[in-house]
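Here is how the chains run, residue by residue.
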Amino acid sequence: MAGPRPVVLSGPSGAGKSTLLKKLLKDYEGVFGFCVSHTTRNPRPGEEDGKDYHFVSRETMQQGINNGEFIENAEFSGNMYGTSKASVEDVQAQNLICILDVDIQGVKNIKKTDLNPIYVSIQPPSIEILEKRLRDRQTETEESLQKRLEAARLDMELSKEPGIFDIVIINDDLEEAYEKLKEVLTEEIKKVQESKKS
Ligand code: ADP
Ligand code: 5GP
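Model, not experiment: these values are computed from the prediction.

K.L.:
Explain the environment of G78 to me, and be specific about the residues and the numbers.
P.N.:
Tracing the backbone through its elements, the reader meets G78 in the loop between β5 (70–76) and β6 (79–84). Classification of G78 by relative accessible area gives partly exposed; the value is 41%. The spatial distance from the C-alpha of G78 to the C-alpha of R41 is 8.3 Å, given a sequence separation of 37 residues. In this view, G78 contacts R58 and K147; residues no more than four positions away in its chain are not counted.

The structure is reproduced here in structure tokens:
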């Protein structure tokens, strides 16, 4: 596929993926573009339809999947999530580095495609700290929080398996984690910046 390599950010819910990717999008305007996923979960306060997610019903999502509109989709914490071909193409058509935020099932399914991204896992320092961050974020019900912690335990184990991720970044100190993320992406960032000059 032409253009810069996409970036897949994965890791437990609450590990800090959105925080890190929002910093990248802000600091590198015209370099990165966020791949807007579809989800059947409800928007959180401040989330915008079409920007954070395409918020859709199960019926609409299932129809899209049946029509072959998604490169991957998964069930997470009682809701459907998926990456549409159109969302990836929107970003790639602008010659931007496409950032995808997907769970571990998404990582496994993207590996079966020809997307060829850089795989980054963002991990919390510990499950206790993850739980505190999720509680402090005040976005989840107790049930949703418990489901996310359960998924997190599995994700934390799988991220240790060699060969799945190009890099695993422990998000303890935010600035340090951000520096590490930028370092992994230096080559692709340069490519886009150079291509914009010419
Ligand atoms: P994710 O997108 O992976 O679910 P978020 O980016 O929403 O996670 O981060 C979860 C919560 O933790 C947010 O409230 C965020 O402000 C906070 N957070 C993120 N990184 C750090 C960090 N390094 N130290 C402390 N709090 C953090
Ligand atoms: P949240 O509800 O916190 O926004 O996201 C929950 C989980 O779903 C996170 O692990 C996030 O990475 C994942 N996710 C978001 N979009 C997608 C997607 O398009 N596909 C897959 N497989 N997972 C996604």
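K.L.:
With reference to specific residues and values, describe the site of ligand 2.
P.N.:
The immediate surroundings of ligand 2 are formed by 17 residues, with S37, R41, Y53, Y81 and D101 found nearest. V102 has a polar backbone atom sitting 3.5 Å from an oxygen atom of ligand 2.

K.L.:
Residue-level account of the packing of helix α1 (residues 17–27) against helix α7 (residues 174–197), with values.
P.N.:
Look at α1 against α7: their axes get within 10 Å of each other, and the N-to-C directions meet at 60 degrees. Between α1 and α7, the crossing angle belongs to the class labelled oblique. Crossing of α1 over α7 shows right-handed handedness. Taken together, the residues of α7 that come into contact with α1 (itself represented by T19, L20, K23, L24 and D27) are L174, E175, A177, Y178, L181, K182 and L185. Residue composition of the contact of α1 with α7, grouped by class: seven nonpolar, one polar and four charged.

K.L.:
Any details on the nonpolar core? Residues and values, ideally.
P.N.:
The biggest cluster of nonpolar side chains holds 28 residues, and the ones touching the most others in it are L9, L24, F32, V120, L181 and L185. Every element with two or more residues in this core is listed here: β1 (7–10), α1, β7 (97–101), β8 (118–123), α5 (127–137), α6 (142–158) and α7. It is α7 that provides the largest number of residues to this core, a total of six residues. Core analysis: the next-biggest nonpolar cluster, separate from the first, contains 16 residues, V88, L158, I164 and F165 among them.

Analysis parameters
- Residues numbered from 1 in each chain as written.
- Chains lettered and ligands numbered in written order.
- Predicted model: local features only at pLDDT ≥ 70, side-chain atom pairs only at ≥ 80, totals over all residues.
- Heavy atoms only, no water.
- Helix = DSSP H or I, 4+ residues; strand = E, 2+ residues; numbered from the N terminus.
- Buried < 20%, exposed > 50% of the residue type's maximum accessible area, 1.4 Å probe, protein only.
- Contact = heavy atoms within 4.5 Å.
- Near = heavy atom within 4 Å.
- Polar contact = N/O pair within 3.5 Å; in protein donor to acceptor, adjacent residues only side chain to side chain.
- Axes fitted to C-alpha atoms, helices over the stretch in contact; angles between N-to-C directions.
- Parallel < 35°, antiparallel > 145°, perpendicular 65-115°, else oblique.
- Left-handed = near helix turned anticlockwise from the far one by under 90°.
- Nonpolar A, V, L, I, M, F, W, Y, C, P; charged D, E, K, R; others polar.
- Core = buried A, V, L, I, M, F, W, Y, C linked by side-chain atoms within 4.5 Å.

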